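Overview (structure and organization)
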Amino acid sequence: MPDQPQAAPIDQMSFEDAMAELERVVDRLEHGDVALEESIRLYERGAKLKAHCEARLKAAEERVEALTLDAAGQPKGTTPVEGL
Amino acid sequence: MSDLIEDIAGGNAPEFTVSELSGAVKRTIEGSFDHVRVRGEVGRVSRPRSGHVYLDLKDDRACLAGVIWKGQAARLETMPEEGMEVIATGRLTTFPGQSKYQIVIETIAPAGLGALMAMLEKRRAALQAEGLFAPERKRPLPFLPEVIGVVTSPSGAVIRDILHRLRDRFPRRVLIWPVAVQGQSCAPEVARAIAGFNALAPRGPIPRPDLLIVARGGGSIEDLWGFNEEAVVRAAAASQIPLISAVGHETDTTLIDHAADRRAPTPTAAAEMAVPVRRELIAWADGQGARLSRALAQGFGTRGQRLRDLSRALPRPDTLTQTPRQRLDWASQRLPAALRAVVTRRRAELQAAGSVLRPSTLKARNDRCHDRLETLQRRLGSAVANGERLRRRELERCAARLRPQGLVRQRDRTRLRLEEALRRLSRIAATRTAEQRTRLEALDRMRESLGYEATLGRGFAVVWSGDEVLTEAAAARAATTLRVQFRDGDVTVAPEGAARPKRRPGRKPPAQGSLF
């Protein structure tokens, strides 16, 4: 598997990277020219990637804040914004 | 004299000092022109360190000096540039020290849309030439930003539109950097906001956004002018965080749009560019999961099917052994009978052979062999004697044929051939010597005709001094005796008057005065 960053820990992957690798895994598995043991390994990797993507999708939460600026116009903190 | 008389004649007119007159002019001018609007083209502009701006306003016939005081200059919406058609508002004043008047400008604005657009185009071209809008500077937007920074007015439809669309597609953490989106503070605030978001530490108390949106609703070109300012364009171009500009309506283009990584026609569109649709991604992930399971199941299914196919093609083990087993049974049944038959047959054969086997039979055979051996021994003695006789006769015959006459004849023949060869060799040598001599004589004749001795016959003579041939008169004069060689012999002479100088040719005294 020289073309796949298998070593990358999934929980540190960005959504986009996990997504791209999941697509590669599914493609390889669907082409069916992998050995049986490899196909099981790919499936497990794919399942983990999918779970990671889903976790990132579930974690979508809106949080809106406005920066508060000091006299010099530099940010000193945030205040929650609601009702918009 | 007449001047003096005139002076006296006009004596009843009031007399001013220069300062008085200048003061009166100043009052008149400032009183009459305390608020004027004047349209003209900006001439030379200078900005000394004091912060005041000095410029000329002109048209095709006149020129008016102008000044913008430092405090006013900082508040100007548009800085005057040379060649710009402007309308300046202010008051006239005089400068008595130099007999000058000027306009103190309070506001200055481009005269009409054409002038504004011309200035905008000029600025755009200059920034483009710097490479700020180059396509290779554009960076791709992140697929799914975690934190989105929005530079806009904190109240109003724009931020609401953006938040609504983000909520619909993919709720994210949003940081709003409040700025004025029009007026004089717009440009510096927007520029500072873009730079400020970039300056945030990635893991600081305020998270650094992965994406910036600079947004403003529609408005007149003057309203949007802040987003054309160089400071804003430079801040957008310098932003390390990918930036979407969404300023004005779709038809409005401001310079920040050129420097941004993406330009959105509306704030809503900017939100659409910023995040993917969460529902679609969930559906996509489900689809991927389904494909994954299906592909694995299919892999198992295909393999299972193949296994079943193969095992069907594989024959049952007992069918493989049936035939051999039958043959074994059959053979093992026949084995005892066959053994018995063989033993019986062998026994009969043994008895038949044993019946003729007696000592007398062996003795008869032994006697026959003995007789044969004796016969052969007798024949051997006579055969050796015969062989020897035969060989001796052969040797005697060969010795009789061996005679010396043949060898002598061959020697005489060889001697005759040697003598003949010697005779031919001496003939050839004589001929070659004669040829060489003839060629040598011919060469000698040629040498004589080419050498100097032949020239003696034609009247030339050679002058010798001792063993050397003299070719120079100086050498002849230096010699004590000279030997002159003619064709038929030599004459010895003494050189005459060795000290007498020879007249040099070409040095005749001038026969007449030189013309030069």
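Bear in mind the structure is a predicted one, so any value in this text is a computation, not a measurement. Note on numbering: residues in each chain are counted from 1, in written sequence order. Starting at A for chains and at 1 for ligands, labels are handed out in the order in which the entities are written. Residues qualify for local features only when their pLDDT is at least 70, as the model is predicted, and side-chain atom pairs are given and counted only at 80 or more; totals for whole chains, interfaces and linings, by contrast, use all residues. With hydrogens and water stripped out, all remaining heavy atoms of the structure feed into the side-chain values.

1. Section: unusual backbone geometry
Excluding glycine, residues mostly have negative phi values, and the peptide bonds linking residues are mostly trans. Phi at B:Ser99 is positive, roughly 55°, even though this residue is not glycine. Each helix corresponds to a stretch of at least 4 residues labelled H or I by DSSP, and each strand to a stretch of at least 2 residues labelled E; elements are numbered beginning at the N terminus. Looking at where B:Ser99 falls in the secondary structure, it is placed in the loop between strand 4 (85–95) and strand 5 (100–110).

2. What about the sheet that holds strand 1 (residues 36–46) of chain B?
All names here are of chain B. Should DSSP find at least two bridges between two strands, the strands are regarded as paired. Ordered by their spatial adjacency, five strands build a closed barrel running 1-2-3-5-4, and the pairing between neighbours is mixed. Here the strands of the sheet are splayed against their neighbours by 55° on average, with no regard to which way each runs. Bridging between strand 1 and strand 2 (residues 53–58) involves four bridges; their strand directions are antiparallel. Counted as the bridge partner of Ser-46 is Tyr-54 from strand 2. An axis is simply a line fitted to the C-alpha atoms; with a helix, the fit covers only the stretch in contact. Between two such axes, the angle follows the N-to-C directions and lies from 0 to 180 degrees.

3. Description of the side chain of B:Thr93
Residues and elements named next belong to chain B. By the element assignment, Thr-93 lies in strand 4. Summary of the burial criterion: residues with accessible area below 20% of their type's maximum are buried, those above 50% are exposed, and those between are partly exposed, where the area comes from a 1.4 Å probe applied to protein chains only. Residue classification places Thr-93 among the buried positions, given a relative accessible area of 8%. Here the side chain of Thr-93 touches Lys-26 through a polar contact of 3.3 Å, side chain to side chain. Here a polar contact is recorded for every N or O atom pair within 3.5 Å, except that within protein the pair must consist of a potential hydrogen donor and a potential acceptor, and residues adjacent in sequence are included only if both atoms are side-chain atoms. A distance of 2.5 Å separates polar atoms of two side chains, one belonging to Thr-93 and the other to Glu-30. Setting aside residues up to four positions removed in sequence, Thr-93 forms contacts with Lys-26, Glu-30, Tyr-101, Gln-102 and Val-104. The contact criterion used is simple: two residues touch if any of their non-hydrogen atoms lie within 4.5 Å.

4. Notes on the confidence of the model for chain B
All names here are of chain B. A score from 0 to 100, pLDDT tells how confident the predictor is in each residue. With 93% of its residues at a pLDDT of at least 70, chain B reaches an overall mean of 85. Mean pLDDT across the elements of chain B bottoms out in helix 1 (residues 2–9) (54) and peaks in strand 8 (residues 211–216) (96). Long-range and interchain partners of residues 498–510, a stretch whose pLDDT sits below 50, account for two contacts in this model, where long-range means more than four residues apart.

5. Quick notes on the interface of chain A and chain B
For interface size, the figure often reported is the accessible area lost on association. Counting from both sides, the interface comprises 43 residues of chain A and, opposite them, 38 residues of chain B. For the pair chain A and chain B, the two sides together bury roughly 3600 Å², of which 66% comes from carbon and sulfur. Buried area is understood as the total, over both parts, of accessible area removed when two parts are fitted together, assessed with a 1.4 Å probe. Looking at the side of chain A facing chain B, the largest losses of area belong to A:Leu57, A:Leu67 and A:Leu84, adding up to 21% of the total buried there. By salt bridge we mean one thing: a side-chain nitrogen of Lys or Arg within 4 Å of a carboxyl oxygen of Asp or Glu. Run the count over chain A and chain B and you get five salt bridges. Across the salt bridge formed by B:Arg291 and A:Glu30, the nearest N and O atoms sit 2.7 Å from each other. Across the chain A-chain B interface, the total number found is 13 residue pairs in polar contact (both at pLDDT 80 or more). Among the elements that make up the side of chain A that touches chain B, the one with the highest residue count is helix 2 (residues 36–58) of chain A (12 residues). In the scheme used here, Gly and all other residues not listed as nonpolar or charged are polar, with Ala, Val, Leu, Ile, Met, Phe, Trp, Tyr, Cys and Pro taken as nonpolar and Asp, Glu, Lys and Arg as charged. The residue inventory of the side of chain A that touches chain B, partitioned by class, reads 24 nonpolar, six polar and 13 charged. In this sheet, strand 7 (residues 173–178) of chain B lies alongside strand 1 (residues 63–69) of chain A in parallel orientation, the contact comprising four bridges. When the sheet's bridge partners are listed, A:Glu65 is paired in strand 7 of chain B with B:Leu175.

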